[in-house]
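# Results of the structural survey
Listed below, chain by chain, are the residues.
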Amino acid sequence: MTIVPTQSTYQSRVADYWNAEENPVNLELGKLDDLYHHHYGVGPADRSVLDEPDPVLRRERITAELHRLEHAQAELLAAHLGPLSPDDRVFDAGCGRGGGSVVAHLRYGCHADGVTISAKQARFASEQARKRGIDDRVRYHHRNMLDTGFPTGAYTASWNNESTMYVELDLLFAEHARLLRRGGRYVVVTGCYNDTYGRASREVSLINAHYICDIHPRSEYFRAMARHRLVPVHVQDLTADTIPYWELRREAEHLVTGIEDTFLTAYKNGSFQYLLIAADRV
Ligand code: GPP
Ligand code: MG
């Protein structure tokens with residue numbers, strides 16, 4: 001079978017974005033312990049880092065605190081994948097620079113396959129796994145998460161960590177349902193727009209433009225899961241838990257990308273939610 005990583009002009013533009021992306025907020029945080037995340041943080045923030053008088057140390061302490069919050073998000077997601085054994089195989093859909101698969105492997109000893117549409121991210125993540133000496137168990141592939149070419153029913157767990165807004169949910173969940181064995185676990189953490197607000201707000205539209213994505217409404221996740229043998233077992237609204245991350249990130253002059261206030265407005269005006277859904281493949 002021929003693997004075609006990008007399947008449309010849109011997907012090629014998304015790949016271009018991630019091939020060019022070098023935001024300090026991702027690279028400076030990842031550098032701290034070689035866990036490169038492409039998602040936001042959760043939990044209470046230690047804002048005392050902002051009071052550090054030494055300017056160099058202040059920047060370092062803010063960077064470390066943001067990384068701690070992003071790592072807590074990755075651990076929260078990973079906790080919902082289990083229990084898993086070292087014989088189990090997991091699938092990381094939209095793996096970015098690879099942090100999430102390493103977190104899952106360190107926690108469970110499992111095999112992991114991560115896929116990204118960005119050739120540069122796949123190379124970067126593979127190099128990280130090689131340096132850690134886990135490249136026999138944690139592998140990254142330049143492939144399309146909608147058509148991975150991986151074997152049917154081979155996976156015990158799979159996830160999307162902030163990557164569903166780039167794809168049609170029906171196509172995505174069909175692929176997860178195919179890859180997961182019966183009784184397997186699927187977990188998604190995502191930003192979604194809130195159906196009770198109405199349609200997408202101005203802020204949601206600005207976030208879409210910033211990342212070249214298309215944020216889905218909350219309702220669409222449950223409809224699409226129901227169509228693809230994915231039955232929710234746990235739903236958690238993480239909106240309040242992610243606000244401290246954004247409140248701290250907006251103060252980090254050395255790391256801001258310019259989207260911080262838009263996220264805070266979107267969360268606070270009720271138009272946008274940060275959600276975790278864990279589902280069983282039946
Ligand atoms: C996080 O990645 C963001 C995305 C993958 C896309 C949009 C997500 C939503 C929840 C809407 P990142 O860590 O590369 O972003 P940033 O550079 O802003 O930290
Ligand atoms: Mg980031």
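What counts as what
Residues numbered from 1 in each chain as written. Chains lettered and ligands numbered in written order. Predicted model: local features only at pLDDT ≥ 70, side-chain atom pairs only at ≥ 80, totals over all residues. Heavy atoms only, no water. Helix = DSSP H or I, 4+ residues; strand = E, 2+ residues; numbered from the N terminus. Pairing = 2+ DSSP bridges. Axes fitted to C-alpha atoms, helices over the stretch in contact; angles between N-to-C directions. Contact = heavy atoms within 4.5 Å. Near = heavy atom within 4 Å. Polar contact = N/O pair within 3.5 Å; in protein donor to acceptor, adjacent residues only side chain to side chain. Areas by Shrake-Rupley, 256 points an atom, 1.4 Å probe, with all protein chains shown as cover. Nonpolar A, V, L, I, M, F, W, Y, C, P; charged D, E, K, R; others polar.

On to unusual backbone geometry, then. Apart from glycine, the bulk of residues carry a negative phi angle, and the bulk of peptide bonds sit in the trans form. Look at the link from glycine 82 to proline 83: it is a cis peptide, with omega at 0°. Tracing the backbone shows proline 83 in the loop between helix H3 (55-79) and strand E1 (89-93). Although it is not a glycine, isoleucine 212 adopts a positive phi angle of roughly 55°. Inspection of the secondary structure puts isoleucine 212 in the loop between helix H7 (202-211) and helix H8 (218-227).

Here we take up the sheet that holds strand E6 (residues 230-237). Across the sheet, 7 strands lie side by side as E3-E2-E1-E4-E5-E7-E6; this open sheet has mixed pairing. Of all the strands in the sheet, just strand E3 (138-142) and E6 have a single pairing partner and so form its edges. Direction aside, neighbouring strands of the sheet carry axes that sit 15° apart on average. Contacting E1, strand E2 (111-116), E3 and strand E4 (155-161), helix H4 (residues 99-108) crosses the sheet at an angle of about 160° to E3.

By nearness alone, 15 residues border ligand 1, and Asn23, Asn26, His38, Tyr211 and Arg249 come closest of all. Take asparagine 26: an N or O atom from its side chain is 2.9 Å from an oxygen atom of ligand 1. Here arginine 249 contributes a side-chain N or O atom positioned 2.8 Å from an oxygen atom of ligand 1. For ligand 1, the accessible surface in isolation is 510 Å², of which the surrounding protein chains cover 99%. If you list the elements that add at least two residues to the shell around ligand 1, you get helix H2 (24-30) and H7. Residue classes in the shell around ligand 1 are distributed as 8 nonpolar, 5 polar and 2 charged.

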